[in-house]
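# Examination of the molecular architecture
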Amino acid sequence: MMTYRIAPSILSADFARLGEEVRNVVAAGADIIHFDVMDNHYVPNLTIGPLVCQAIRPHVQVPIDVHLMVKPVDRIIPDFAKAGADIITFHPEASEHIDRTLQLIRDNGCKAGLVFNPGTPLHHLDHVMDKIDMILIMSVNPGFGGQSFIPEALKKIALARRMIDESGRDILLEVDGGIKADNIAAAAEAGADTFVAGSAIFGKPDYKAVIDAMRAELATVAKKAA
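Residues numbered from 1 in each chain as written. Predicted model: local features only at pLDDT ≥ 70, side-chain atom pairs only at ≥ 80, totals over all residues. Heavy atoms only, no water.

## Thoughts on the environment of Phe202
Cut-off, in case you're wondering: Helix numbering and strand numbering both begin at the N terminus, where a helix is a DSSP run of H or I of at least 4 residues and a strand a DSSP run of E of at least 2. Any two residues having at least one pair of non-hydrogen atoms within 4.5 Å are treated as being in contact.
Secondary-structure assignment places Phe202 in helix H7 (residues 199-202). On a C-alpha basis, the gap between Phe202 and Ile10 in space is 7.9 Å, while along the polypeptide they are 192 residues apart. Apart from the residues within four sequence positions on either side, Phe202 is in contact with Pro8, Ser9, Ile10, Ser12, Ala13, Glu21, Val25 and Tyr207.

## Quick notes on the nonpolar core
Our working definition: Nonpolar cores are built from buried Ala, Val, Leu, Ile, Met, Phe, Trp, Tyr and Cys residues. Side-chain atoms within 4.5 Å join them into one set. For the exposure calls, accessible area comes from a 1.4 Å probe over protein chains only, and a residue counts as buried if that area is under 20% of its type's maximum, exposed if over 50%, partly exposed in between.
In this structure, Ile10, Phe35, Val66, Leu68, Ile135 and Phe195 are the most contacted members of the largest nonpolar core, which totals 72 residues. Broken down by element, this core gets its largest block of residues, seven residues, from helix H8 (residues 207-225). With residues near it in sequence (within four places) discarded, Phe195 still touches Tyr4, Arg5, Ile6, Ala7, Val175, Ile179, Ile184, Ala187, Ala188 and Leu218.

## A closer look at unusual backbone geometry
Cis rather than trans, the peptide bond between Lys71 and Pro72 has omega equal to -5 degrees. When you line up the elements, Pro72 lands in the loop between strand E3 (64-69) and helix H3 (77-83). You will see that Asn40, though not glycine, has its phi angle at about 60 degrees, which is positive. Mapping Asn40 onto the fold places it in the loop between strand E2 (33-38) and helix H2 (50-56). By relative accessible area, which is 53% here, Asn40 ends up exposed.

Interpretation note: all reported values are geometric properties and have no functional meaning in isolation.
Take a look at the structure:
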């Protein structure tokens, strides 16, 4: 039976009270904290760095999933590992040597993953599945929160699920971008098991109500699959 995970993105949280926000969202049922890092170079926005990761680490026991939208990527990886990241993902376009970057993440004690923009093909996975712990499919173009889900991403999720199943490996399949209670089931049916949601959760007054609604949709998918 598929285990589903909800990963709220703190990009949409209230940064004036970030420690409280991550504690509250975990208490509301979050499984993972998703941490978006943008550099105003690879993507047209500037967000947060290792010091913020280090600051929130004592507030939560759940994994921190750091999504690096930075180029070049290798230099910052050890800093996030030291700051308390559990999973570090990056975009293949941001690395000169994808295999080496994946190994660097693992050498620093973290799980490693690749992120695929809407226009990026999955062939980058072909020769590195043995170093992959997570595949992240972007269902929006990266750089800003609050965008609408791109339906074409469902095909890519399904293809990635097939690749994971054929590999026989234990690899998380995450989707990020425009995920809400009304489309999370479609992403799960396509094969995703981990769901990043930012404004859909942090933009509402009751985090638990939103996460519960998402879980109810996922339970329906699981029941159909059983």
